[in-house]
Amino acid sequence: MIPAPDRDRTPHLPPAYRLVALEEIDSTNAEAKRRAAEGAEDGTLVWARRQTGGYGRQGRQWASAEGNLFLSLVVRPDCSLAQAAQFSFVTAIALGDAIGSVAPPLIEVTYKWPNDVLLNGRKAAGILLESKGDAAQQLEWLVIGVGVNVNSFPTETRLPATSLHFEGCPATVSAVDLLEAFGRHMLSWINVWLDEGFAPVRETWLRHAQGLGQEIEVRLPQESLHGVFSDLDPEGTLVLQRPDGTTRRIAAGEVYLPGEG
Ligand code: BTN
């Protein structure tokens, strides 16, 4: 029998995951949310080779060409909705480790607040968290959506994008390879977060934070703020040192680094 090409093989993941492997779906996040609402268990991982309606933050379209990685993971940790937001950092560093394990050492992996992974300063991966909580603001389920540009990237984006292959990862590295690496690193970082809390995640993220100590602009729905990105606080909010000496803590917004937008 002729072996299937590497990119067509079935991914091998640690037994903690329940893999739902699909050829095509509207959006793995939409599918994971449908399944979570019907009771899908912790560790359900929806992976598709193609998406017809992939979406990102602010409802933006997420280009979903075959060959890139699209997955959504359902998790149900016992925590508040606010704590669940820390999963964007857990996921970013797990992705950074996964990319680091398949990429040549000279590729620089950095994290942009709150949920992008950059390669050599350009966006290669995005993370989208969607959750449901109860009346007491406790988490019922969290869907963690991850899109990684492996072999292609869109050119008409708000900020410059890139892909693993464009930045010099061997062309033999496939979405399946990256899915397997992500599965391993994500499991290990989730366990760090469960056992030790947010502190080690925060430290790791900060070591590779894009724009830390620099002048940035943060666009909020009603206003736009300028200041120095001085820290990530112990909960995961961005600390902005304002020119008038005051400090603002920002839980959600769009960050523009020097030279962007
Ligand atoms: C962003 O940077 O705006 C987040 C992008 C998240 C895209 C991924 S692709 C897999 C999952 N399914 C979706 O429809 N979106 C997420």
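Residues numbered from 1 in each chain as written. Predicted model: local features only at pLDDT ≥ 70, side-chain atom pairs only at ≥ 80, totals over all residues. Heavy atoms only, no water.

## Things to note about the overall build of the protein
Okay, step 1: Summing up its helical and strand segments, the protein has five helices and 12 strands in all.
Okay, step 2: Over its C-alpha trace the protein gives a radius of gyration of 18 Å, about what one expects of a compact globule, namely 18 Å for 261 residues.
Okay, step 3: Across its three principal directions, the C-alpha atoms of the protein cover 70 × 45 × 30 Å.
Okay, step 4: The proportion of buried residues among the 261 residues of the protein is 51%. (Helix = DSSP H or I, 4+ residues; strand = E, 2+ residues; numbered from the N terminus. Rg over C-alpha atoms; globule rule 2.2 N^0.38 Å. Buried < 20%, exposed > 50% of the residue type's maximum accessible area, 1.4 Å probe, protein only.)

## Considering the pattern of salt bridges
Okay, step 1: Overall, the coordinates contain 21 salt bridges when judged by the stated rule.
Okay, step 2: Close ionic contact of Glu130 with Lys33 constitutes a salt bridge, the shortest N to O distance being 2.9 Å. Separated by 97 residues along the polypeptide, Glu130 in strand β6 (residues 122-133) and Lys33 in helix α1 (residues 28-37) bring together distant segments of the chain.
Okay, step 3: Look at Glu130 and you get buried, because its relative accessible area is 18%.
Okay, step 4: Its salt-bridge partner being Glu66, residue Arg50 comes within 2.8 Å of it at the nearest N-O pair. Taken together, the residues Arg50 in strand β2 (residues 44-51) and Glu66 in the loop between β2 and β3 (69-75) connect sequence positions 16 residues apart.
Okay, step 5: One connected set of salt bridges, linked through shared partners, spans Glu23, Glu24, Arg49, Arg50 and Glu66. (Salt bridge = Lys/Arg side-chain N within 4 Å of Asp/Glu carboxyl O.)

## Side note on the environment of Asn68
Okay, step 1: Along the chain, Asn68 turns up in the loop between β2 and β3.
Okay, step 2: Between the C-alpha atom of Asn68 and that of Leu164, which follows or precedes it by 96 residues, the distance is 9.5 Å.
Okay, step 3: In contact with Asn68, other than residues within four places in its own chain, are Arg49, Val148, Asn149, Val150, Asn151, Ser152 and Ala175.
Okay, step 4: In terms of polar contacts, Asn68 uses its side chain to reach the backbone amide nitrogen of Val150, at 2.7 Å. (Contact = heavy atoms within 4.5 Å. Polar contact = N/O pair within 3.5 Å; in protein donor to acceptor, adjacent residues only side chain to side chain.)

## Quick word on the packing of aromatic side chains
Okay, step 1: With the rule as written, the count across this model stands at six aromatic pairs.
Okay, step 2: Feature note: the residues Phe89, Tyr111, Phe198, Trp205 and Phe229 constitute an aromatic cluster, connected by ring pairs.
Okay, step 3: Over the aromatic face of Tyr256 sits the side chain of Arg219, whose NZ or CZ is 3.7 Å from the ring centroid. (Phe/Tyr/Trp six-rings, centres within 6.5 Å; stacked < 30°, edge-to-face > 60°. Lys NZ or Arg CZ within 6 Å of the ring centre and 35° of its normal.)

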